[in-house]
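# Structural overview
If you want the building blocks of each chain, they are given just below.
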Amino acid sequence: MTDNASKVMSMRDAVSRFVHDGDTVVIEGFTHLICFAAGHEIIRQRRRDLTLARLTPDLIYDQMIGAGCARKLVFSWAGNPGVGSLHAFRRAVEAPGAVPLEIEEYSHFGMVARFSAGAARLPFWPLRDYMGTDLPRANPRIRSVTCPYTGEDLATVPALNPDVTIVHAQRADADGNTQIWGLVGVQREAAFASARVIVVVEELVDEQLIRSDPNRTVIPGMIVNAVVVEPCGAHPSYAQGYYDRDNEFYVAWEAISRDPVRLARYLDEFVYGVPDRAAYLKKQPRVARLKAKERLCAGVNYGY
Amino acid sequence: MMAVVAARELQDGEVVFVGIGLPNLACNLARATHAPHLVLIYESGAVGAVPERLPVSIGDPALVTGSLMVCGMADVFQCILQNGRIEVGFLGGAQVDRYGNINTTVIGPYVRPKVRLPGSGGAAEIAIHAQRTLIVAKLGPRAFPEQVDFVTSPGLRPQGRPRREVRMPGAGPVKVITDKGILEADEATGEMVLAALYPGVSVPDVQAGIGWALRCRPGLAAVPPPTAHELRLLRDVLDPKRLFLKQ
């Protein structure tokens, strides 16, 4: 038994207790629910030598690479969706100088399969993929196995078991029973694969509300180590039903990340220069305009 | 023009795996014209999406609202794509070669590349599993080399062999929709050959943007220009902010 009350803590405490130098860190969320609040706190606490893994590194890992937190990146699509490049990442790969970065690259299916294996505590996951591609030559960890039933050669990817996974969600109770709606990505698999789990939520709710709609629970409290309440913690990413994506910032990142001086200035102003998420949000007047419109669902009868 | 041609390739009721950018626009144009029952599936997990605004990314919240199903990505790749449920996949890329191989990974060598591109995302497995794929790319000698620098998404002759021999479930790229004409896969050789020209375009215009000696189908088809209705939908309804309609 864990003491429920002790799981609810500040972002500063959660990162300080559960994210260590040298860890493999996953901040998941496919476009939706990317926890920038946690990424910023990791930058502020100056964690180093991290292996950062997620399907789409997105702006948050570009910022963490730019801030010098990462030793290695594990990924499957490293771009700024709908805009262009992640320039801190590109600089580190194209002209490794001051900030060398090791990379380990898969496809989306490969990364999903790695988390599935990790969550099931299997050593690898088979998939029908990669024939005819150059990816296995670029990444020798993509291998193959002969099926013992059909004789077919299948590709395999190794399990990914992060030291810590951070998941942003709409709501959880104090024990970390976490509900997500909208795009759910691979958050469930990543959380189950991980040694430690931090859940960051828009709202802390009563256990009774969770129990009223158990099908919406994606992560059970029994695998959660910390619950952080951080409204708008995903901005400039979005939270369905709470706020829309700040597409203007995603566009602006192209020019910011292209210039290391501007990137450093951004980090100084919006990450190092603020003590916490509340102070960050005071510098984001646009956020109010992103508030989600109401599209409520009909609800179901769980009775018997 | 590319969006219009791509939209016309889709048949009503088909299950389409939709990529970012122009394919997104094409699918939504098809849905607004001849294919209202198109089933749009996005790798982010939205199935049967009916976006009320043009999605900026494939993870846009507008894909969720009103969709038939939202599932996790493990389900998308295992229960839908690897299961063989995708009829059409759209792919684009920085480089497309003679056999329809696509490169979205690196220009130059893999280690210390000249240009680091985003990588596969779901493209490699879409190229392998979709029953057929449509490639959408603008012509240019650097965009259409004889051989891509890196095969991210395999075309019609993986490891020099027909796809069936390496147990690839899908038929692969059947067409390449460019900004000047349409290339089609030659069944015997697996090579991309010129099949149709847009209004006002000549064969040398297309060859100028292709890095190998392009063969032509006998009797090249002429692609009809966009109708006033298609243009109005694209410019006024689907992409009024010109997010993807740059040319």
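This paragraph deals with the overall build of chain B. Helix and strand content of chain B: six helices and 14 strands. Radius of gyration (C-alpha) of chain B: 17 Å, near the 18 Å computed for a compact globule of 247 residues. Dimensions along the principal axes, computed over C-alpha positions, put chain B at roughly 45 × 40 × 35 Å. For chain B, buried positions account for 53% of its 247 residues. Across chain B, contacts joining residues at least 24 apart in sequence account for 64% of those joining residues at least 6 apart.

Below, the discussion takes up the packing of helix H2 (residues 36-44) of chain A against helix H3 (residues 58-66) of chain A. Residues and elements named next belong to chain A. At their nearest, the axes of H2 and H3 sit 10 Å apart, and the two run at 5° to each other. On the basis of their axis angle, the class for H2 and H3 is roughly parallel. Side by side, H2 and H3 meet where Phe36, Gly39, Ile42 and Ile43 of the first sit next to Ile60, Gln63 and Met64 of the second. In terms of residue class, the contact of H2 with H3 is made up of five nonpolar, two polar and no charged.

Turning our attention to the nonpolar core. All names here are of chain A. Residues Ile198 and Val199 are the most contacted members of the largest nonpolar core, which totals 167 residues. No other element matches helix H5 (residues 108-119), which puts seven residues into this core. Residues lining this core come from more than one domain, with at least three contributed by each of domain 1 (4-108 + 160-280) and domain 2 (124-158).

Residue and element names in this part refer to chain A. By domain assignment, chain A separates into domain 1 (4-108 + 160-280) and domain 2 (124-158). Here the C-alpha centroids of domain 1 and domain 2 sit 30 Å apart. The interface is formed by four residues belonging to domain 1 together with seven residues belonging to domain 2. Tallied by class, residues from the side of domain 1 that touches domain 2 come to one nonpolar, one polar and two charged.

With that settled, consider the sheet that holds strand S5 (residues 124-127) of chain A. All names here are of chain A. The strand order across the open sheet formed by three strands is S5-S7-S6, and the pairing between neighbours is antiparallel. Strands at the two margins of the open sheet, each flanked by one partner only, are S5 and strand S6 (143-146). Within this sheet the neighbouring strands show an average axis-to-axis angle of 40°, counted without direction. In this structure, S6 lies alongside strand S7 (residues 153-158), joined through four bridges in antiparallel fashion. Each residue of the ladder has a partner; that of Ser144, found in S7, is Ala155. On top of the sheet, H5 reaches S5 and S7; it is set at about 140° to S5, its chief contact.

Contacts between the two partners involve 38 residues from chain B and, on the opposite side, 43 residues from chain A. Every element with two or more residues in the side of chain B that touches chain A is listed here: helix H3 (73-81) and helix H4 (123-129) of chain B. Split by residue class, the side of chain B that touches chain A holds 19 nonpolar, 14 polar and five charged.

Residues and elements named next belong to chain A. Mapped onto the elements of the fold, Asp246 is located in the loop between strand S12 (226-229) and helix H9 (247-258). Sequence spacing of Asp246 and Pro236 is 10 residues, and the spatial spacing of their C-alpha atoms is 4.8 Å. In contact with Asp246, other than residues within four places in its own chain, are His235, Pro236, Arg286 and Leu290.

Residues and elements named next belong to chain A. Their axes nearest at 5 Å, the elements H9 and helix H10 (residues 260-272) cross at an angle of 115°. Relative to H10, the element H9 lies roughly perpendicular. Residues Ala255, Ile256 and Ser257 of H9 touch H10, and the partners they reach there are Arg262, Leu263 and Tyr266. Its residues assigned to classes, the contact of H9 with H10 shows four nonpolar, one polar and one charged.

All names here are of chain B. Summarising burial for strand S12 (residues 181-185): four of the five residues are buried, a large majority. The turn linking strand S11 (residues 173-177) back onto S12 is made up of three residues. Where S12 lies against strand S13 (residues 192-197), five bridges are found, and the strand directions are antiparallel. Across the sheet, the residue bridging to Leu183 is Leu194, located in S13. Counting the residues between successive antiparallel strands, the hairpin from S12 to S13 contains six residues, one of them, Gly190, with a positive phi of roughly 80°.

Below, the discussion takes up H3 of chain B. Inspection of H3 of chain B places Met73, Ala74, Val76, Phe77, Ile80 and Leu81 of chain B among the buried residues, and these make up the whole buried set. In this structure, the buried residues of H3 of chain B make contact with H5 and helix H7 (187-193) of chain A together with strand S1 (15-18), strand S2 (39-42) and H4 of chain B.

Okay, the pairing of strand S1 (residues 24-27) of chain A next. Here is the key point about a regular strand: its side chains alternate between the two faces of the sheet. Residue and element names in this part refer to chain A. Inspection of the sheet shows S1 paired to strand S2 (residues 50-53) by three bridges, in the parallel sense. Considered in S2, the bridge of Val25 is made with Leu52. Remark: the S1/H2/S2 crossover connection has right-handed handedness. The pairing of S1 with strand S8 (residues 164-172) spans three bridges and is parallel. When the sheet's bridge partners are listed, Val25 is paired in S8 with Val164.

For the rest of this paragraph, the subject is the environment of Gly66 of chain A. Residue and element names in this part refer to chain A. Summarising the element assignment, Gly66 is placed in helix H3. Classification of Gly66 as buried rests on a count of 25 C-beta atoms within 10 Å. With 182 residues separating them in the primary sequence, Gly66 and Glu248 have C-alpha atoms 20 Å apart. Residue contacts for Gly66: discarding those within four places in its chain leaves Ala88, Ser257, Leu263 and Leu267.

Turning next to the confidence of the model for chain B. On average, chain B scores 94 in pLDDT, and the residues at 70 or more come to 99%. Predicted complex metrics record ipTM = 0.96 and pTM = 0.96.

Each value, and the rule that gives it
In this numbering scheme, every chain counts its residues from 1 along its sequence in written order. The order in which chains are written sets their letters, starting at A; the order in which ligands are written sets their numbers, starting at 1. Residue-level local features of this predicted model are given only where pLDDT is at least 70; pairs of side-chain atoms are given and counted only at 80 or more, and the full residue set underlies all totals for whole chains, interfaces and linings. Elements are defined by DSSP. Helices are runs of H or I of four residues or more, strands are runs of E of two residues or more, and each kind is numbered from the N terminus. A radius of gyration in this sense is built from C-alpha atoms; the matching globule rule multiplies 2.2 Å by the number of residues raised to 0.38. Around each residue's C-beta, the other C-beta atoms within 10 Å are counted; 20 or more make the residue buried, 12 or fewer make it exposed, and counts in between make it partly exposed. All C-beta atoms are placed from the backbone. Any pair of residues counts as being in contact when their C-beta atoms, constructed from backbone geometry, are within 7 Å of one another. For helices, the axis comes from a line fit to the C-alpha atoms of the stretch in contact; other axes are also lines fit to C-alpha atoms, and the angle between any two N-to-C directions lies between 0 and 180 degrees. Under this scheme an angle from 65 to 115 degrees is roughly perpendicular, one under 35 degrees roughly parallel, and one over 145 degrees roughly antiparallel; angles in between are oblique. Each residue gets one of three labels, nonpolar for Ala, Val, Leu, Ile, Met, Phe, Trp, Tyr, Cys and Pro, charged for Asp, Glu, Lys and Arg, and polar for the others, Gly among them. A set of buried residues drawn from Ala, Val, Leu, Ile, Met, Phe, Trp, Tyr and Cys, joined through C-beta atoms within 7 Å, is what defines a nonpolar core. For the domains described, the bounds stem from an automatic or database domain assignment. Strand pairing is assigned whenever DSSP detects at least two bridges linking the two strands. By definition, the crossover connecting two strands over a helix is right-handed if that path, from the first strand to the second, turns clockwise as seen with the strands pointing away from the viewer. Confidence of the prediction at every residue is given by pLDDT, a number between 0 and 100.

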